[in-house]
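Secondary and tertiary structure notes
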Amino acid sequence: MNKVAVVGFGFMGMTHASHLLNMKGVKLNAIVDQDLKGIEAKLAAKTGNFSTGGIDPKALARIQKFSSLGECLEKSDIDAVHICVHTDLHIQLATQAMKAGKHVFLEKPFTLDVQQGEALIELATKKGLLLMVGHVLRFMPPYRLLKKWINSREFGKLTFLSMTRFSGLPAWGQWKEKRKDFGSSGGALFDLLIHDIDFVNYLFGSPDTIESRLLPGSLSNYDFIDAWWTYKVSGLNVKLEGGNVFQTGFPFQAGYMAAFENASVQFSTQFSDVIKIAEGENLREVPAGDGTDGYFNEIEYFHQCLHNAAKPLECMPASSLDTIKLCYRHL
């Protein structure tokens, strides 16, 4: 039984907690949040871009709660820590947990400081601990289907791929404070479009060239990104576009369009239950699966690796750090 603490009880922390409470072989022993009095109130608040499941207040009441990770590490019996806080605390808290001998699941983005990321990977290796960064697109059914079609060449060779991701300016949790601490979150480049940057890197590796245009917003100087990636050997072109320069009420939307030799494929969160496939003049739909299953899948994968004492080949931290380096290439 893997015994776990979730650090940070905002949208993402609640997402992790809800799945951990329903996962076999895992026990959520502790929650760490600076605002202990507000934990129950957060269950009723609407946060994040979409719903990922609820938490039974009775189950929540049985879990130990701490206002600091240090207190949790001292008083709670845990094997692993899920860190679900803002980017500027990732390295500090992950280092603290691993120095105490705990495995770490770290939400994206890994870090904004490449050298600190390298040091954290070195610490995990030295201590023999599991370190995994959550890149949820790798585990979402509609994106897994795209990867399968690319690898199998079921529709022929992929010739062009477009990835998009847009949201309104986040206003839940501590996001309003982050506007005052301009740039600390990494903005839309490191916190939003990083999903698609990581997924394309996962599929094809680093591109030969990146051409990008950036616009500033309320969180950083790169809150809108329009980028063009080229792979010279394969001839593949990839377009990535996204940002959060829109009003807070703007509806979240993400998806992809893929042009294969024999078919064109489209997925959008606005019609999230299907993937549309055009073959010549014919258009058909196939089930997309539930995209929000990706959160459960990645958390379950981490704990399977932990149970089997195996490295997380799907999300090795070195790969996650490569994604950060790719983000910087857009600047």
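This section reports on the structure supplied with the text. From a predicted model like this one, the values you see are computed outputs, not experimental measurements. (Residues numbered from 1 in each chain as written. Predicted model: local features only at pLDDT ≥ 70, side-chain atom pairs only at ≥ 80, totals over all residues. Heavy atoms only, no water.)

Describing the sheet that holds strand β7 (residues 158-168)
Strand-to-strand pairing in sheets goes through backbone hydrogen bonds, with the strands running parallel or antiparallel. This is how the line gets drawn: Strand pairing is defined by DSSP finding a minimum of two bridges between the two strands. What counts as a helix is a DSSP run of H or I of at least four residues, what counts as a strand is a run of E of at least two, and both are numbered from the N terminus. Axes here refer to lines fitted to C-alpha atoms; in helices the fit is confined to the stretch in contact. Angles between the N-to-C directions go from 0 to 180 degrees. In this analysis, two residues are considered to be in contact whenever any of their non-hydrogen atoms come within 4.5 Å of each other.
Overall, mixed pairing links the eight strands, which are arranged β8-β9-β10-β7-β11-β12-β13-β14 in an open sheet. Each edge of the sheet is formed by a strand with only one pairing partner; in this case those strands are β8 (209-215) and β14 (282-287). Sheet twist, expressed as the mean angle between neighbouring strand axes with direction ignored, is 10°. Relative to the sheet, helix α7 (residues 141-152) contacts β7, β11 (253-260), β12 (264-268), β13 (274-279) and β14, its axis offset from that of β11 by approximately 15°. In this fold helix α10 (residues 194-204) packs onto β7, β9 (224-231) and β10 (236-246), with an angle of close to 160° to the strand it touches most, β7.

Describing the sheet that holds strand β3 (residues 64-66)
Strands sit in the order β3-β2-β1-β4-β5-β6 across an open sheet of six strands; the sheet is parallel. The sheet is open, and its two edges are formed by β3 and β6 (131-134), each paired on a single side. Between one strand axis and the next, the sheet turns by 25° as a mean value, whatever way the strands run. Examined bridge by bridge, strand β4 (residues 80-83) and strand β5 (residues 103-107) share four bridges and lie parallel to one another. Counted as the bridge partner of Ile-83 is Leu-106 from β5. Helix α1 (residues 11-20) rests against β1 (2-7), β2 (26-32), β4 and β5 of the sheet, and its axis sits at about 160° to β1.

Observations regarding the pairing of β11
With eight bridges joining them, β7 and β11 adopt antiparallel strand pairing. Within β11, the position partnered with Arg-165 by the bridge is Ala-254. In the sheet, β11 pairs with β12 via five bridges, with the strands oriented antiparallel. Paired with Gly-255 across the bridge in β12 is Ser-268. Hairpin geometry of β11 and β12 is characterised by an intervening segment of three residues between the two adjacent antiparallel strands.

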